[in-house]
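Residue-level listing of the chains:
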Amino acid sequence: MDVKIGQKSYDPYALKEKKDQQIRKYPLMEEIGFLVLGMRIYLVNTDSYETHDQHYGRGLIKETIKDGLTKFFFNGNNVRKDAVTASIQKVQKILQWFESQSQLHFYASSLLFVYEGLPQQTAQMKRNAGSLADVSAAPKGCPTDGEVLEYNNNVCVIGSMENGRTVTSLGQSLSNMYALHKKGCSQGHRNDVPLQIETREQDNSLWKCTTPPNGNKPQLEKESHHMPAVMQRPNEVEVRMIDFAHVFPSNTKDEGYVYGLKNLLTVLQQILNN
């Protein structure tokens, strides 16, 4: 989910025409302090994706903004309050930084919200059944044939190459996934090789030193501790600042951005308490 933060989406040097244009796009920006620019949600009940663009966000008013944000955390079965809680914590850290700095003002900058859409229990069941290795078709709404399969912005990709393969598991961090996503895309398009899903079992064997009873030289013995390639991890949630084209030096606190963050936190807390 992309959320533009601040009471103004234009910088101090913008022409009057630009200011009027931005105000017309979303007159409530100054009152609400943020604007939902778009979102993509993985629905576990239908194994599909739901997408909303900037027109959806501009249609939200003060009375509907909570429901509008709730949609991003609703996975088809329930509201992911674990993701809401983690998002609140991360936004609070960003707010702390803004309240402590008076050197920069941010305009038309956004927060990017990402969380793992596949529930842990479902992921565990799929691992136990080995279904990920047997899946031959992508979920409905997913790109296929040479494109990257995504799980609500978290990428699981295997790019086949002549001299090897690039593999990333669902349990890797978002940053690693993104890096491999870019690499997989470039390799997939350059070699014209389709991407596919695969799970592999890691060899987590340990070597121990044993001394035979006959007094011969100690020997190394291999102990097998097989663990699945996809480990059980806490639900991953990321909130990152993006879009810095309109950042200007200042000697005062960025009150517009702080106002937006506080209002956003208020709405997220309402979702959590609902």
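Numbering of residues starts from 1 in each chain and follows the order in which that chain's sequence is written. With the structure being a predicted model, the display of local features is reserved for residues of pLDDT at least 70 and the display and counting of side-chain atom pairs for 80 or more, all residues being used for whole-chain, interface and lining totals. Excluded from the side-chain calculations are hydrogens and water; all other atoms, namely the structure's heavy atoms, are used.

**Remarks on the sheet that holds strand β3 (residues 48-52)**
Alright, step 1. One requirement defines pairing of two strands: DSSP has to find at least two bridges between them. Helix and strand definitions here come from DSSP, where helices need a minimum of 4 consecutive H or I residues and strands a minimum of 2 consecutive E residues; each element is numbered from the N-terminal end. Reading across the sheet, the 5 strands line up as β3-β2-β1-β5-β14 and stay open at both edges, with antiparallel pairing between neighbours. The open sheet is flanked by β3 and β14 (237-242), the only strands paired with a single partner. Between one strand axis and the next, the sheet turns by 20° as a mean value, whatever way the strands run.
Alright, step 2. Of the strand pairs in this sheet, strand β1 (residues 2-5) and strand β5 (residues 109-115) are connected by 4 bridges, and their pairing is antiparallel. In the strand pairing of β5, valine 3 is matched with leucine 111.
Alright, step 3. Only heavy atoms matter for contacts: two residues are in contact if any of them lie within 4.5 Å across the pair. All axes here are fitted lines through C-alpha atoms, helices being fitted over the stretch that makes contact, and every angle between N-to-C directions spans 0 to 180 degrees. Sitting on the sheet, helix α9 (residues 255-273) touches β1, β2 (34-43), β5 and β14, and the angle it makes with β5 is about 30°.

**Details of the packing of aromatic side chains**
Alright, step 1. For Phe, Tyr and Trp, where Trp contributes only its six-membered ring, two rings pair if their centres lie within 6.5 Å, and the inter-plane angle classes them as stacked under 30 degrees, edge-to-face over 60, or tilted in between. Within this structure, the stated rule accounts for 12 aromatic pairs.
Alright, step 2. An aromatic cluster of three or more residues is present, and its members are Trp97, Phe98, Phe106, Phe244 and Tyr257.
Alright, step 3. Criterion for a charge above a ring: Lys NZ or Arg CZ within 6 Å of the ring centre, and within 35 degrees of the ring normal. Seen from the ring of tyrosine 49, arginine 40 lies directly overhead, with NZ or CZ sitting 4.0 Å from the centre.

**Observations regarding the nonpolar core**
Alright, step 1. Among the buried residues, those of types Ala, Val, Leu, Ile, Met, Phe, Trp, Tyr and Cys that are joined through side-chain atoms within 4.5 Å form a nonpolar core. A 1.4 Å probe rolled over the protein chains alone gives each residue an accessible area, and that area as a share of the maximum for its type sets the label: buried under 20%, exposed over 50%, partly exposed in between. In terms of nonpolar packing, the biggest core is built from 40 residues, with Phe34, Leu111, Phe113 and Leu261 touching the most fellow members.
Alright, step 2. Secondary structure elements with two or more residues in this core: β1, α2 (29-32), β2, α4 (65-73), α5 (81-100), β5, β14 and α9.

**Notes on the environment of tyrosine 115**
Alright, step 1. Checked against the element boundaries, tyrosine 115 lands in strand β5.
Alright, step 2. You can call tyrosine 115 buried: its relative accessible area is 1%.
Alright, step 3. Remark: the alpha-carbon pair of tyrosine 115 and arginine 80, spanning 35 residues in sequence, is separated by 9.6 Å.
Alright, step 4. Polar contacts here mean pairs of N or O atoms no more than 3.5 Å apart (in protein, one a potential hydrogen donor and the other a potential acceptor; neighbouring residues in sequence count only if both atoms are side-chain atoms). Separated by 2.8 Å, the side chain of tyrosine 115 and the backbone oxygen of phenylalanine 72 make a polar contact.

**Things to note about the pattern of salt bridges**
Alright, step 1. Salt bridge, as used here: a side-chain nitrogen of Lys or Arg that lies within 4 Å of a carboxyl oxygen of Asp or Glu. A full pass over the atoms with the stated rule returns 7 salt bridges.
Alright, step 2. With a closest N to O distance of 3.5 Å, glutamate 31 and lysine 62 form a salt bridge. Of this pair, glutamate 31 sits in helix α2 while lysine 62 sits in the loop between α3 (54-58) and α4, placing them 31 residues apart in sequence.
Alright, step 3. When its relative accessible area of 54% is taken as the criterion, lysine 62 is described as exposed.
Alright, step 4. The salt bridge partner of lysine 66 is aspartate 67, with a shortest N-O separation of 3.9 Å.

**Looking at the confidence of the model for the protein chain**
Alright, step 1. Per residue, pLDDT captures the predictor's confidence, and it can take any value from 0 to 100. Confidence in the prediction for the protein chain averages 75 pLDDT; 58% of positions are at 70 or higher.
Alright, step 2. Confidence drops under a pLDDT of 50 for residues 141-208, and excluding neighbours within four residues, the segment shows 137 contacts in the predicted structure.
Alright, step 3. In this model residues 222-234 is a low-confidence stretch, pLDDT under 50, and it forms 34 contacts with partners more than four residues away in sequence or in other chains.

**With respect to the packing of α5 against α9**
Alright, step 1. Contact geometry of α5 with α9 gives a least axis separation of 10 Å together with a crossing angle of 160°. Judged on the interaxial angle alone, α9 and α5 are roughly antiparallel. Here α5 runs over α9; the crossing is left-handed. Seen from α5, the contacting residues are Lys81, Val84, Thr85, Ile88, Val91, Gln92, Ile94, Leu95, Phe98 and Glu99; seen from α9, they are Tyr257, Val258, Leu261, Lys262, Leu265, Leu268, Gln269, Ile271 and Leu272.
Alright, step 2. Tallied by class, the residues present in the contact of α5 with α9 amount to 13 nonpolar, 3 polar and 3 charged. Each angle receives one of four descriptions, namely roughly parallel if under 35 degrees, roughly antiparallel if over 145, roughly perpendicular if within 65 to 115, and oblique otherwise. The hand of a helix crossing depends on one turn: near helix anticlockwise from the far one by less than a right angle means left-handed, and clockwise means right-handed. Residue classes follow a fixed rule: Ala, Val, Leu, Ile, Met, Phe, Trp, Tyr, Cys and Pro count as nonpolar, while Asp, Glu, Lys and Arg count as charged, and any other residue, Gly among them, counts as polar.

**Some words on the packing of α4 against α9**
Alright, step 1. Remark: α4 packs on α9, axes separated minimally by 10 Å, with the N-to-C direction vectors making an angle of 70°. Classed by the angle they form, the pair α4 and α9 counts as roughly perpendicular. When you trace α4 past α9, the crossing you get is right-handed. Packed against α4, whose contacting residues are Ile65, Lys66, Leu69, Thr70 and Phe73, the element α9 presents Leu264, Val267, Leu268, Gln270 and Ile271 at the interface.
Alright, step 2. Taken together, the residues of the contact of α4 with α9 break down into 7 nonpolar, 2 polar and 1 charged.

**Side note on the environment of tryptophan 97**
Alright, step 1. Of note, tryptophan 97 is situated in helix α5.
Alright, step 2. Between the alpha carbons of tryptophan 97 and valine 258 there is a distance of 9.7 Å; along the sequence they are 161 residues apart.

**Details of the environment of glutamate 31**
Alright, step 1. What makes glutamate 31 partly exposed here is its relative accessible area of 38%.
Alright, step 2. Once residues lying within four places of it in the same chain are set aside, the contact partners of glutamate 31 are Lys62, Tyr259 and Asn263.

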